[in-house]
Amino acid sequence: MTGSVTEAPPTRRDAGPPPAASVLGRLGEPFAALRGLLGRPLASYYLLVASAGLLLVIGLVMVFSATSVPSFDSSQSAYAGVQQQGLWAVVGVLAFWVAQRLPTRTYRFLGLPLLVACLLFALVLVLFPAGQIGPIGTNLNWITVGSVQFQPAELGKLALVWWGADLLVRRGASVTKWKRLAMPLFPVTALLFLLVGMNDLGTMLCMLLVFLGLLWVTGVRFRVFAGLFGVALAGVVVLIAEQSYRLERILSFTHAAKATGCTSADSIQGPCWQSTQGMYALADGGWFGLGLGQGRQKWDWLPEAHNDFIFAIIGEELGVVGCVVVLALFAVLAYAGLRIARRVDDPFRRTVAAACTLWLAGQAVINIGAVVGLLPITGVPLPFISAGGTALVVTLTAVGMLASFARTEPDAARALHARAPSRLVRLLWVPLPPLPGSTRPTSPSARSRPAGGKPGVRTTRGRTAGSSRTETRRQRPGPRAGSRTTTGKERR
């Protein structure tokens, strides 16, 4: 009797990855998704606008919380402070929209006039720190025109960025030479630092960060940085010794760092009062805070709670979680700015983007470092969040300019031209950036010349980056037919 034998099915050799590899693959999926999002053409633009917008919203909320009590005491309305800040925010958003539409040549043109105006304003504030002539008045760091008050030093940051970047880009490779770099950059910058630093040392330090960022991006030698650091350090020491309250802040910082000088009643009631109350606010907040609007230090305990020390109110009401969110948004903003500086092709855009990013991130570090006790108190506001009209408008203008640069990235420009928004959208929002590689004629004769040129007329090329010739050489005519050519040996 015969029977059928059933064979077992063959086993698959590709049974799948081992469990450890599958777990690692699942863990890497979020990072792969993040890389995919960052690889999109307009990632820099969306990261910049989203982080700046969230910081602006957080700032308006925290200004309302920090100013509600003093506003109610002074004007019987808890909304007076946030209404004023909201009005400045509207002006800043309009400045953001205008800055997105302006071409690069406008920024290069406005740098010098704005710098001269800021120098004149700073000189007036030094000579007349508290004066009044009709509707125009001065008050240490502010100039008042009627009911409008602005701070010229904040405009000086933007003027230094535009003028310094334009000057260094025009110098080109000669920035490595000391004489070509020094005139007129160093004297004008030193005069601006001196006039601003007489009344506002913190803003002068932010301008110093902008200046160093400009030099770093354009490739200045390290020995120049070392010399400038020595001169800047000597100047800061002189400005600190010139005002007694600045020296008290430095001494209180050293005492707080050693945990020996801010323990007595006299020191706590004196120079250590603001830093001590700021530490109390951070300690009371804990991990999740006391709740929005439930802070106690804003009840006339913490000086400048709505401005220089608003980060302490964030820590008290929103806790460590709220502080980490703010720090993360500033980190995203800094990443987006440096990403824009690395991806744009134009040297001026690259220099301005890096300098503005270092300015915003460095100012945030100075402010937060003073609140948490890592740096001395300098009176620098926190960008986007602290109360202040001029600072908010200037900051949003810088962000709008960075957003326009983000749209000129090669991949972003191609993507925007590919989907081609309607003319109404371009009119109301932002015009299309130029495609990478597209050139414009530089002279009227080049614009009027037909394509291909006329026979017998020498055509010219535009100057490219790093080239030293503007015209192509004429080709030498070859030997005529039947002519005898001589070699070097025959000539000898």
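Where an unreviewed UniProt entry is consulted, the chain appears under the name Probable peptidoglycan glycosyltransferase FtsW, with the organism given as Actinocatenispora thailandica. In the Subcellular location (unreviewed entry) part of its UniProt record, the chain is described as follows: "Cell membrane".

This next bit is on the overall build of the chain. Looking only at helices and strands, the chain features 19 helices and four strands. For the chain, with 492 residues in total, the buried portion stands at 39%. Across the chain, every contact between residues at least 6 apart in sequence was considered, and the portion connecting residues at least 24 apart equals 69%. Carbon and sulfur atoms form 64% of the exposed surface of the chain, whose accessible area is close to 28300 Å².

With that settled, consider the nonpolar core. Judged by nonpolar contacts, the single largest core of 99 residues is most densely connected at L181, L185, L215, F330, F384, I385 and F405. For this core, the leading source of residues is helix α13 (residues 310–343), giving 13 residues. Filtering out sequence-adjacent residues up to four positions away, L215 remains in contact with L168, L181, L185, V220, F225 and L228.

Spatial ordering of the open sheet is given by β1-β2-β3-β4, a layout of four strands whose pairing is antiparallel. Both outer strands of the open sheet, β1 (130–133) and β4 (148–150), are each paired with one neighbouring strand and no more. The average angle at which neighbouring strand axes cross in this sheet is 15°, direction not considered. The sheet contact formed by strand β3 (residues 142–145) and β4 spans three bridges and is antiparallel. Bridge assignment links I143 to a residue of β4, and that residue is F150. Across the face of the sheet, helix α4 (residues 104–127) comes into contact with β2 (136–139), β3 and β4 while running at roughly 100° to β3.

It is worth spelling out the packing of aromatic side chains at this point. Counted according to the given criterion, the structure contains seven aromatic pairs. Judged by centre distance (5.7 Å) and plane angle (75°), the rings of Y45 and Y46 are edge-to-face. Between F64 and Y79, the ring centres sit 5.3 Å apart and the planes meet at 15°, which makes this aromatic pair stacked. Of this pair, F64 sits in helix α2 (residues 43–75) while Y79 sits in the loop between α2 and α3 (80–101); the two residues are 15 residues apart in sequence, bridging distant segments of the chain. In this structure an aromatic cluster arises from ring pairing among Y107, W162 and F405.

Locating D308 in the fold gives a position in the loop between α12 (273–285) and α13. Sequence-distant contacts of D308, that is, excluding residues within four places in its chain, are made with N367, V371, G379, V380 and P381.

Overall, the relative accessible area of 30% leaves F64 in the partly exposed class. Sequence separation of F64 and A387 is 323 residues, and the distance between their C-alpha atoms is 9.5 Å. Once residues within four sequence positions are removed from consideration, F64 is found in contact with A78, Y79 and V82.

Moving on to α13. For α13, which comprises 34 residues, the first-to-last C-alpha distance of 34 Å sits more than 12% below the rise-based estimate of 50 Å (1.5 Å per residue). For α13, the principal kink sits at L318 and spans about 125°.

Before going further, it helps to spend a moment on the UniProt feature "transmembrane region" (unreviewed entry) in the chain. Per the UniProt entry, the sites bearing "transmembrane region" (unreviewed entry) are residues 45–66, 78–98, 110–130, 190–217, 224–241, 309–336, 357–378 and 384–406 in this numbering. Helix makes up 100% of residues 45–66 and strand makes up 0%, while its end C-alpha atoms are separated by 31 Å. Secondary structure within residues 190–217 divides into 89% helix and 0% strand; the distance between the first and last C-alpha atoms comes to 20 Å.

The subject of this paragraph is unusual backbone geometry. The phi dihedral of D300 is positive, around 60°, even though this residue is not glycine. Relative to the elements of secondary structure, D300 occurs in the loop between α12 and α13. By relative accessible area, which is 63% here, D300 ends up exposed. Look at F384: it is not a glycine, yet its phi comes out positive at around 75°. By secondary structure assignment, the location of F384 is in the loop between α14 (347–371) and α15 (389–407). Judged by its relative accessible area of 3%, F384 is buried.

Rules used throughout
Residues numbered from 1 in each chain as written. Predicted model: local features only at pLDDT ≥ 70, side-chain atom pairs only at ≥ 80, totals over all residues. Heavy atoms only, no water. UniProt positions renumbered as here; feature names shortened; annotations may be inferred. Helix = DSSP H or I, 4+ residues; strand = E, 2+ residues; numbered from the N terminus. Buried < 20%, exposed > 50% of the residue type's maximum accessible area, 1.4 Å probe, protein only. Contact = heavy atoms within 4.5 Å. Areas by Shrake-Rupley, 256 points an atom, 1.4 Å probe, with all protein chains shown as cover. Core = buried A, V, L, I, M, F, W, Y, C linked by side-chain atoms within 4.5 Å. Pairing = 2+ DSSP bridges. Axes fitted to C-alpha atoms, helices over the stretch in contact; angles between N-to-C directions. Phe/Tyr/Trp six-rings, centres within 6.5 Å; stacked < 30°, edge-to-face > 60°. Expected span 1.5 Å × (residues − 1). Bend = angle between axes of the 7 residues up to and from the residue.

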